Amino acid sequence: QVQLVASGGGLVQAGGSLRLSCAASGRTFSNYVMAWFRQAPGKEREFVAAISRSGSNTYYADSVKDRFTISRDNAKNTVYPQMNSLKPEDTAVYCCAADYSVSYYDTRSERYDYWGQGTQVTVSS
């Protein structure tokens, strides 16, 4: 079992920045691909970004490319998305996810076995 705890959400003005965190425990963190998904009210959950086990490879949704940066610290068992140039359409509940066998470029949420509780990000215009 892997336990994930997300934090760092909040209210920010359009054009601002936020850095989320997802702390993992329970298994060897570096064995897991880590990803972030988000879900806005009335919309389906969508892929945001993912990072490979070593951190050397990343993959982003087109909607956040060049604005968001995902990174991980395997010594601290933590994954971070740095979110810059935020837009009102980025408003959503952001959840981190982990999986042992998924490829980092796989955007399907059903491929991930472990999920954090989510943290709300609200971007005001």
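Our structure's up above, just so we're on the same page.
Residues numbered from 1 in each chain as written. Predicted model: local features only at pLDDT ≥ 70, side-chain atom pairs only at ≥ 80, totals over all residues. Heavy atoms only, no water.

Asks: What's the story with the pattern of salt bridges in this structure? I'm lost.
Replies: Summed over all chains, the structure comprises six salt bridges. Bridged by salt links that share partners, the residues Arg 38, Glu 46, Arg 67 and Asp 90 form one connected network. (Salt bridge = Lys/Arg side-chain N within 4 Å of Asp/Glu carboxyl O.)

Asks: Help me understand the nonpolar core in this model?
Replies: Nonpolar side chains tend to gather and get buried jointly when the protein is soluble and globular. Ranked by internal contacts, the top residues of the largest apolar core, which has 39 residues, are Leu 4, Met 34, Trp 36 and Tyr 94. Of all the secondary-structure elements, those providing two or more residues to this core are strand 1 (3-7), strand 4 (21-25), strand 5 (33-39), strand 6 (46-51), strand 8 (68-73), strand 9 (78-83), strand 10 (92-99) and strand 12 (119-124). For Leu 4, the contacting residues outside a window of four places in its chain are Cys 22, Ala 23, Ala 24, Met 34, Cys 96, Ala 97, Ala 98, Tyr 114, Trp 115, Gly 116 and Gln 117. (Core = buried A, V, L, I, M, F, W, Y, C linked by side-chain atoms within 4.5 Å. Buried < 20%, exposed > 50% of the residue type's maximum accessible area, 1.4 Å probe, protein only. Helix = DSSP H or I, 4+ residues; strand = E, 2+ residues; numbered from the N terminus. Contact = heavy atoms within 4.5 Å.)

Asks: Explanation requested: the side chain of Arg 67 in the structure shown.
Replies: Tracing the backbone through its elements, the reader meets Arg 67 in the loop between strand 7 (58-60) and strand 8. For Arg 67, the side chain forms a polar contact with the side chain of Asp 90, separated by 2.7 Å. Beyond its immediate sequence surroundings of up to four residues, Arg 67 is in contact with Gln 82, Met 83, Asn 84, Ser 85, Leu 86, Lys 87 and Asp 90. (Polar contact = N/O pair within 3.5 Å; in protein donor to acceptor, adjacent residues only side chain to side chain.)

Asks: What should I look at first to understand the side chain of Thr 119 in this one?
Replies: Structurally, Thr 119 can be placed in strand 12. Given the relative accessible area of 11%, Thr 119 is considered buried. A polar side-chain atom of Thr 119 sits 3.1 Å from the main-chain amide nitrogen of Gly 9. For Thr 119, the contacting residues outside a window of four places in its chain are Ala 6, Ser 7, Gly 8, Gly 9, Leu 20, Ala 92, Val 93 and Tyr 94.

Asks: Any chance you could explain the environment of Ala 75 here in plain terms?
Replies: The residue Ala 75 is located in the loop between strand 8 and strand 9 in this model. Spatially, the C-alpha atoms of Ala 75 and Tyr 104 are 20 Å apart, while their sequence positions differ by 29 residues.

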